[in-house]
Every structure is written in C-alpha cells, then in structure tokens.
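Commentary on secondary and tertiary structure
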Amino acid sequence: MTIEVSVVVAGALAVHLADDAPAHGNDGKRLVETSNGQTISGLLRVLGIDPTRPLLIIVAGRVVTVDERSTTILTDGDSVSLSPPIRAG
C-alpha cells in the first residue's frame, strides 16, 4: 500500500523536487507517493536528501527533531515542509 504526502521545500532543496524526482506537482511543492509506514528519514532518502542533513522539518504543523526523524511515521495526506538552516552574515 502507498500513501501520498505533500512536500514543500525551500532554497537549495528545490533541486530534490526536479522533474525527474519521484514526485509530481508545481515547483517547490510536490505530491510524493511513498510506502505506507514511511518515516521522515525514509522520505528524505527517497528524495535523495541525506537524513542527517541539518534541516528544519515540519510535519502537519509540528517540528520534527533530528532524533524523531527515524521514528516519525508519515500518514496519507501529511504536509511536510523542509527548509535548510538560515545563515546570516
């Protein structure tokens, strides 16, 4: 069984939602089909993103910590926001 999650990315992460990525939709936001029981870490791997990469990850309005990435299970219809750290200087 598969589920669909909405993935929104910011900045340099947009390359992971390119036309040849396992997703479909508009630039910066895609519906991604993945396996039922998928974790955040697993979704990042599907998108070609290192699961240990520093990111702000929000799922269904809740911040997911680095420690929770491998235990947070996605459900059908979840909204996932991925943002790289903001650097000023």
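Our structure is the block above this text.
Notes on the structure follow. (Residues numbered from 1 in each chain as written. Predicted model: local features only at pLDDT ≥ 70, side-chain atom pairs only at ≥ 80, totals over all residues. Heavy atoms only, no water.)

1. Points about the overall build of the protein
Each helix and strand counted, the protein has 1 helix and 5 strands in total. In sequence order, the secondary structure elements of the protein are arranged as β-β-α-β-β-β. Burial analysis of the protein (89 residues in total) assigns 38% to the buried set. Counted over contacts in the protein with a minimum sequence separation of 6, partners at least 24 positions apart contribute 60%. Surface exposure of the protein reaches about 5100 Å², of which carbon and sulfur atoms provide 54%. (Helix = DSSP H or I, 4+ residues; strand = E, 2+ residues; numbered from the N terminus. Buried < 20%, exposed > 50% of the residue type's maximum accessible area, 1.4 Å probe, protein only. Contact = heavy atoms within 4.5 Å. Areas by Shrake-Rupley, 256 points an atom, 1.4 Å probe, with all protein chains shown as cover.)

2. Here's the deal with the sheet that holds strand β3 (residues 56-59)
Pairing in this open sheet of 5 strands is mixed, and the strands run β2-β1-β5-β3-β4 from one edge to the other. Looking at the sheet topology across the chains shown, the edges are occupied by β2 (29-35) and β4 (62-64). Put simply, the sheet's adjacent strands are angled 30° from each other on average, direction ignored. (Pairing = 2+ DSSP bridges. Axes fitted to C-alpha atoms, helices over the stretch in contact; angles between N-to-C directions.)

3. Examining the side chain of T34
Mapped onto the fold, T34 is located in strand β2. Exposure remark for T34: the relative accessible area of 5% places this residue in the buried category. In terms of polar contacts, T34 uses its side chain to reach the side chain of Q38, at 2.8 Å. Every residue in contact with T34, bar those within four places of it in the chain, is listed here: T2, I3 and V46. (Polar contact = N/O pair within 3.5 Å; in protein donor to acceptor, adjacent residues only side chain to side chain.)

4. Remarks on the pattern of salt bridges
Here the structure, examined in full by the defined rule, presents 1 salt bridge. Ionic pairing is found between E68 and R62, a salt bridge with its closest N-O pair at 3.3 Å. For E68, a relative accessible area of 26% puts it in the partly exposed group. When its relative accessible area of 41% is taken as the criterion, R62 is described as partly exposed. (Salt bridge = Lys/Arg side-chain N within 4 Å of Asp/Glu carboxyl O.)

5. Observations concerning the side chain of D78
Note on placement: D78 falls in the loop between β4 and β5 (79-83). Despite its burial, D78 pairs with no opposite charge, the nearest such side chain being R62 at 9.0 Å. Within the structure, the side chain of D78 is placed 2.9 Å from the backbone nitrogen of T75, a separation counted as a polar contact. Here D78 is in contact with E4, V5, S6, V59, A60 and I73, once residues within four sequence places are set aside. (Lys, Arg positive; Asp, Glu negative; His and termini not counted.)

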